[in-house]
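# Understanding the architecture of this molecule
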Amino acid sequence: MRKNSISIGKFEQGCINEDAVMAHENIIAVSDGAGGGGLFAERWSHYLLEHLPSEPIKDADELDAWIEQIWEPFYNRCEEDAKLLGGLSLDKFYDEGSFATLAVVWKLSDKEYRWMRYGDSVAFHYNYSTHKLEHSFGQLADFDNPPFLINCKDELNKEGFKSGVFKTDNHSVVFVASDALAHYILMMYKIANKELFAEELKTAESHHSKNENYIKVAMSMPTINFEKDVLGKLINGICHSLNFHRHLKSLIRKGLLAHDDYSFAIITKSN
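None of these values were measured; they are calculated from a predicted model.

As a further point, take the overall build of the protein. A tally of regular secondary structure across the protein gives eight helices and twelve strands. Its C-alpha atoms give the protein a radius of gyration of 18 Å, within 12% of the compact-globule value 18 Å for 271 residues. Its C-alpha atoms put the protein at 55 × 40 × 35 Å along the principal axes. Looking at the protein as a whole, 51% of its 271 residues qualify as buried. Pairs at least 24 apart in sequence give 73% of the contacts found in the protein among residues at least 6 apart. Working note: accessible area of the protein is about 12700 Å², and carbon and sulfur atoms make up 48% of it.

Below, the structure is given as structure tokens:
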């Protein structure tokens, strides 16, 4: 069993990396702090991962109960810090709170992993024998929709909770990724197998969003070797931060990857 994780902030001066990521023996997770609203998104994403239960969260009620158990110390500390920042910041925190997504995979056994997600961070399972990618997300076009977000002060919208089980074997790799990287992975897999996903790709392109541009660039590539050029480079790069940085910058230059924070955590099976 091999586990590892990496998180890289936006390639811009003065930006805070609002993602949090972890890889332990029996659990991998990513949380994407949503800085477009509220305050302290980067703190909230880290706080969620620091307090994850060791046993799987199996339904929306369990997620709601867990948040109910942990939110108050975080809120109280951030309230005090918002007071120090001044009245406008305090009002913003009172009005909006802190937001983040969450995707987690728990190892149940050598052949079974339970996942949950809330928002547009994604859990994946790839099998090198069947060459099939399973994931916790919906359609590629769903990345164009505003994600469900966990708030430190507001009631959870239970419609945003998704969960399931990955059945694995010795040819499997299980991983999680924050939204921009997850979009790239799913896009490249579906284009590499475009005869199976032609309608989904057409629908995603028809949304005329920023993601349409990445899809068009990828569709123009003569060939895509998903295992070698997409998954392989991410998995190999996770142990070498400089190589991972270089690879992501190359993808951005090519027009395949959105500007964002990037987080990736993985468990590979021992053969």
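As a further point, take helix α6 (residues 210-219). Buried within α6 we find Asn211, Glu212, Tyr214, Ile215 and Ala218. Take α6 and look down its axis: the buried residues cluster within an arc of 165°, on one side only. Close packing links the buried residues of α6 with α4 (179-192) and α5 (194-206).

What follows is about the packing of aromatic side chains. Under the definition given, this model contains 18 aromatic pairs. Where Tyr126 meets Tyr189, the ring centres are 6.5 Å apart and the plane angle is 80°; that geometry is what we call edge-to-face. Linking Tyr126 in strand β7 (residues 122-127) with Tyr189 in helix α4, this pair joins segments that are 63 residues apart in sequence. Exposure class is identical for Tyr126 and Tyr189. Each is buried. Among the aromatic residues, those joined into a ring-pair cluster are Tyr126, Tyr128, Tyr189, Phe197 and Phe226.

On to the pairing of strand β8 (residues 132-135). Two faces make up the sheet, and in a regular strand the side chains alternate between them. Inspection of the sheet shows β7 paired to β8 by four bridges, in the antiparallel sense. Bridged to Tyr126 within β8 is Leu133.

Let us now look at the packing of helix α2 (residues 60-85) against helix α3 (residues 87-96). Two elements in contact, α2 and α3, have axes separated by 6 Å at closest approach and are oriented at 150°. When the axes of α2 and α3 are compared, the pair comes out roughly antiparallel. The residues of α3 that touch α2, namely those facing Tyr75, Cys78, Glu79, Ala82, Lys83 and Leu85, are Ser89, Leu90, Phe93 and Tyr94. Its residues assigned to classes, the contact of α2 with α3 comprises seven nonpolar, one polar and two charged.

Moving on to the layout of surface pockets. Any space left empty among the atoms is revealed by the rolling of a water-sized probe across them. As a volume, the largest pocket reaches approximately 400 Å³. Together, 26 residues line the largest pocket, and Asp32, Asp120, Asp179, Lys210 and Asp260 are the ones closest to its centre. Contributing elements (two or more residues each) for the lining of the largest pocket: α4 and α6. A total of four residues in the lining of the largest pocket trace back to one element, the largest contributor, which is α4.

Attention now moves to the sheet that holds strand β5 (residues 102-109). Strand order in this open sheet of five strands is β2-β3-β5-β6-β10, and the pairing throughout is antiparallel. Both outer strands of the open sheet, β2 (19-24) and β10 (161-167), are each paired with one neighbouring strand and no more. Sheet twist, expressed as the mean angle between neighbouring strand axes with direction ignored, is 10°. Sheet analysis places strand β3 (residues 27-32) next to β5, joined by four bridges and oriented antiparallel. Residue Ile28 lies in a different strand from β5, and its bridge partner there is Val105. Sheet strands touched by helix α1 (residues 41-50): β2, β3 and β5. Its angle to β2, the strand with the most contacts, is close to 20°.

Conventions and cut-offs
Sequence order sets the numbering: in each chain, residues are counted from 1 along the sequence as written. With the structure being a predicted model, the display of local features is reserved for residues of pLDDT at least 70 and the display and counting of side-chain atom pairs for 80 or more, all residues being used for whole-chain, interface and lining totals. In computing side-chain properties, one takes all heavy atoms of the structure into account and sets aside hydrogens as well as water. The way it works is that DSSP assigns letters per residue, a run of H or I at least four long becomes a helix, a run of E at least two long becomes a strand, and they are numbered from the N terminus. Computation of the radius of gyration draws on C-alpha atoms alone. For the globule rule, the value is 2.2 Å times the number of residues to the power 0.38. Burial classes follow relative accessibility: with a 1.4 Å probe on protein chains only, a residue under 20% of its type's maximum area counts as buried, one over 50% as exposed, and anything between as partly exposed. In this analysis, two residues are considered to be in contact whenever any of their non-hydrogen atoms come within 4.5 Å of each other. Accessible surface is estimated by sampling points in the Shrake-Rupley manner with a 1.4 Å probe; for residues, cover comes only from the protein chains shown. This arc is taken over the directions from the axis of the helix to the C-beta atoms. Aromatic pairing here means that ring centres of Phe, Tyr or Trp (its six-membered ring) are within 6.5 Å. Orientation follows from the plane angle: under 30 degrees is stacked, over 60 is edge-to-face, and everything else is tilted. At least two bridges found by DSSP between two strands is the condition for calling them paired. Note on geometry: axes are lines fitted to C-alpha atoms, helical ones only across the stretch in contact, with angles between N-to-C directions running from 0 to 180 degrees. Angles are sorted into four bins: roughly parallel if under 35 degrees, roughly antiparallel if over 145, roughly perpendicular if 65 to 115, and oblique for all others. Following the grouping adopted for this structure description, the nonpolar residues are Ala, Val, Leu, Ile, Met, Phe, Trp, Tyr, Cys and Pro, the charged ones are Asp, Glu, Lys and Arg, and the polar ones are all others, Gly among them. Here a cavity denotes grid points, spaced 1 Å and computed from the protein atoms alone, that fit a 1.4 Å probe unable to get out, and a pocket denotes an open set having protein on both sides within 12 Å along at least 5 of 7 lines; residues with an atom within 4 Å of a point are the lining. Grid points are joined across faces, edges and corners, and a volume is the space filled by probe spheres set on the points.

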